[in-house]
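Secondary and tertiary structure notes
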Amino acid sequence: MDKHKIKVAIIFGGRSPEHQISLLSAQNVLASLDKDIYDPLLISIDKNGTWQLNGDSMILDHAEDPNKIALGKIDRPILLSQNTNERSILSARTQEPLGKVDVIFPVLHGTFGEDGSIQGFAKLANIPCVGCGILGSAVGMDKDMMKHVLRSAGIKVAKWATIRNSVANADYKKIEAVLGNELFIKPANLGSSVGVSYTKNEHEFDHALAAALKYDHKVIIEEKIVGREIECAVLGNAEPKASVPAEVTVAEGFYSYENKYLDEKGAQLSIPADLTETQVKRVQELAVRTYEQLECRGMTRVDMFLTEDDELIINEINTIPGFTNVSMYPKMWEASGLSQTDLISRLIELAIEENNKENQLLLT
Ligand SMILES: Nc1ncnc2c1ncn2[C@@H]1O[C@H](COP(=O)(O)OP(=O)(O)O)[C@@H](O)[C@H]1O
Ligand SMILES: [Mg+2]
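Note that the structure is predicted; figures quoted are calculated from it, not measured. (Residues numbered from 1 in each chain as written. Chains lettered and ligands numbered in written order. Predicted model: local features only at pLDDT ≥ 70, side-chain atom pairs only at ≥ 80, totals over all residues. Heavy atoms only, no water.)

Here we look at the pattern of salt bridges
Stated precisely, the cut-off is as follows: Any Lys or Arg side-chain nitrogen found within 4 Å of a carboxyl oxygen on Asp or Glu counts as a salt bridge. By the criteria applied, helices consist of DSSP H or I runs no shorter than four residues and strands consist of E runs no shorter than two, each listed in order from the N terminus. Any residue under 20% of the maximum accessible area for its type is buried, any over 50% is exposed, and the rest in between are partly exposed; the area is computed with a 1.4 Å probe on protein chains only.
Evaluation of the coordinates by the stated rule reveals 18 salt bridges. Between K156 and E311 there is a salt bridge, with its nearest N and O atoms 3.6 Å apart. With K156 in the loop between α4 (143–152) and β10 (160–164) and E311 in the loop between β18 (298–307) and β19 (312–318), the pair connects residues that are 155 residues apart, well separated along the chain. With a relative accessible area of 42%, K156 lands in the partly exposed category. Here K224 makes a salt bridge to E182, at a shortest N to O gap of 3.4 Å.

Next comes the structure, spelled out in structure tokens:
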């Protein structure tokens, strides 16, 4: 092992319902990591929240199968020291130091990873962490907060209502009167379309709301937007850049978990999207503005609708976008001339740059 290499802790798995997607993403991040510069250290978090040291490769069962992929059995539970500047991995049993970490690359989608929690941990420990910070992650994750911020910045989002805790708190007639009868129901804090439903009547609505409330105590109800689904990748800290946009066309229904990951014919990805030059420019400008308004840094994928009236409406952002082999964020950069290896290196550089900048602030 070359001690001059930067040690990158790729943290993957996690307690979120997007655990399996994370396992798929992490394999690609690892495969693309430039091993001449970086030394990977794989840390898995199981569904119970136990951190395990995998070493320099991932220990997985059914690694290729999105239905069955799971963490392999390991018995090396570890802790990452929360002490500022210690940056060390310790055996969970003996507290014996097992090595150092220079940067964290969280490949954790959804709750406990994409929502500011791992970012908060990294900040306490003063370890550079790839992607958005605490605020950008938390606001970007919460679809309700995200919409409030964007709306106040004059960025168009689908009209929505927020329901908390119980189906009994939703007045269907009122919601239907404002948002129409075709509705999208979503847990406020999740991704990969887990818990997302499309409903057309009160019966379906009640079911969908109850299902979404199992994933989050806060659920958003949105009007249906008729339009093309356009995505744009943004990369950078102070001067973020947008990639060429891409388009997702679903074979049937909406861009569900099934269409995303399980059904190979479920969605067609067009990279770059078939758009006019002016449309491309508008998409990129909106993606960067959205990124800035939501305090993003490092990376984020910005998803929007393009309506028949040529209007752009932000759907959502993904602060730790998928890195699976069908994922758009790395593919959009590839189509923009940045290889996945260079993208991963850039993300790590941005994390170190941001951490250095934070450390210049006065603390007294
Ligand atoms: N308001 C809406 N109008 C039309 N389609 C929608 C709307 N909201 C979501 N969808 C569809 O549902 C999919 C998943 O919703 P999204 O908000 O992106 O959730 P997730 O964070 O789980 O990806 C979208 O990609 C789109 O196909
Ligand atoms: Mg989405």
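Notes on the domain arrangement of the chain
This is how the line gets drawn: The domain boundaries here were taken from an automatic or database domain assignment. Note on definitions: a residue-residue contact is assigned when non-hydrogen atoms from the two residues lie within 4.5 Å. Two parts placed together each lose some accessible area; with a 1.4 Å probe, that loss summed over both constitutes the buried area. Only Asp, Glu, Lys and Arg are considered charged, only Ala, Val, Leu, Ile, Met, Phe, Trp, Tyr, Cys and Pro nonpolar, and every remaining residue, Gly among them, polar.
Assigned domains within the chain: domain 1 (6–129), domain 2 (139–155 + 225–356) and domain 3 (160–223). Each side of the interface is counted separately: domain 1 has 4 residues, and domain 3 has 6 residues. A per-residue breakdown of the area domain 1 buries against domain 3 is headed by P17, E18 and T111, which together make up 85% of the total. Linking domain 1 with domain 3 are 0 salt bridges. For the side of domain 1 that touches domain 3, the residue count by class is 2 nonpolar, 1 polar and 1 charged.

Observations concerning the site of ligand 1
As a reminder, the rule being used: Near, as used in this document, describes a residue that has one of its heavy atoms within 4 Å of the molecule or strand being considered. We call two N or O atoms a polar contact when they sit within 3.5 Å, provided that within protein one can donate a hydrogen and the other can accept it, with sequence-adjacent residues counted only if both atoms are side-chain atoms.
Taken together, the neighbourhood of ligand 1 is formed by 19 residues, with K143, K186, S193, E222 and E229 sitting nearest. Side-chain polar atom of K143 to an oxygen atom of ligand 1: 2.7 Å apart, as the coordinates give it. A distance of 2.4 Å is found between an oxygen atom of ligand 1 and a side-chain nitrogen or oxygen belonging to E229. For the shell around ligand 1, the secondary-structure elements that each account for two or more residues are β11 (183–187), β13 (218–223) and β19. By residue class, the composition of the shell around ligand 1 is 7 nonpolar, 4 polar and 8 charged. Here the shell around ligand 1 spans two domains, since at least three of its residues come from each of domain 2 (139–155 + 225–356) and domain 3 (160–223).

Considerations on the environment of S336
Note on placement: S336 falls in the loop between α9 (328–335) and α10 (340–358). For S336, a relative accessible area of 31% corresponds to the partly exposed category. For S336 and A233, which are 103 residues apart along the polypeptide, the C-alpha to C-alpha distance reads 9.9 Å. Not counting residues within four places of it along the chain, the set of residues in contact with S336 comprises S243 and V244.

Overview of the pairing of strand β7 (residues 88–91)
Our working rule: Whether two strands pair depends on DSSP finding at least two bridges between them.
Residues S88 and L90 line one face of β7 and the alternating positions I89 and S91 line the opposite face, and both faces are buried. In this structure, strand β6 (residues 78–80) lies alongside β7, joined through 3 bridges in antiparallel fashion. Following the sheet pairing, L79 is matched in β7 by L90. Pairing geometry for β7 and strand β8 (residues 97–100), over 3 bridges, is antiparallel. Its bridge partner lying in β8, L90 is registered against P97. Linking β7 to β8, which pair antiparallel, is a turn of 5 residues; within it Q95 sits at a positive phi near 65°.

Notes on the packing of aromatic side chains
Basically, it comes down to this: Centres within 6.5 Å are what make two rings of Phe, Tyr or Trp a pair, Trp counting through its six-membered ring; a difference in plane orientation under 30 degrees is then read as stacked, over 60 as edge-to-face, and the rest as tilted.
By the definition in use, this model includes 7 aromatic pairs. The interplanar angle of 90° and the centroid separation of 5.4 Å between the aromatic rings of F184 and F254 together place this pair among those described as edge-to-face. Placement of F184 in strand β11 and of F254 in the loop between β16 (246–250) and α7 (257–262) is noted, with a sequence separation of 70 residues between them. A relative accessible area of 15% means that F184 is categorised as buried.

A few points about the state of the cysteines
Rules: When the sulfur atoms of two cysteines come within 2.5 Å, that pair is taken as a disulfide.
Using the criterion set out here, one finds 0 disulfides in the structure. Note on C129: no disulfide assigned, nearest cysteine sulfur contributed by C132 at a separation of 9.9 Å. You can call C129 buried: its relative accessible area is 14%. As a non-bridged cysteine, C232 has C296 as the owner of its nearest cysteine sulfur, 12 Å distant.

Notes on unusual backbone geometry
Cis geometry is found at the peptide bond from I271 to P272, where omega equals -5°. Structurally, P272 can be placed in the loop between β17 (267–270) and α8 (277–293). At D310, a position not held by glycine, the phi torsion is positive, near 65°. By secondary structure assignment, the location of D310 is in the loop between β18 and β19. Accessibility expressed as a relative area gives 34% for D310, which makes it partly exposed.

Quick word on the sheet that holds β10
For clarity, the cut-off: The angle between two axes is taken between their N-to-C directions and runs from 0 to 180 degrees, where each axis is a line fitted to C-alpha atoms and a helix contributes only its stretch in contact.
Overall, antiparallel pairing links the 4 strands, which are arranged β10-β13-β11-β12 in an open sheet. Two strands bound the open sheet, and with one partner strand each, they are β10 and β12 (197–199). Across the sheet, the axes of successive neighbouring strands diverge by a mean angle of 25°, strand direction being ignored. Pairing analysis gives 5 bridges linking β10 to β13, with the strands arranged antiparallel. Its bridge partner lying in β13, I163 is registered against V219. Contacts between helix α5 (residues 172–179) and the sheet are confined to β10, β11 and β13, with β13 contributing the most and set at about 40° to the helix. The sheet contacts of helix α6 (residues 202–213) involve β10, β11, β12 and β13, and relative to β11 the element is tilted by about 20°.

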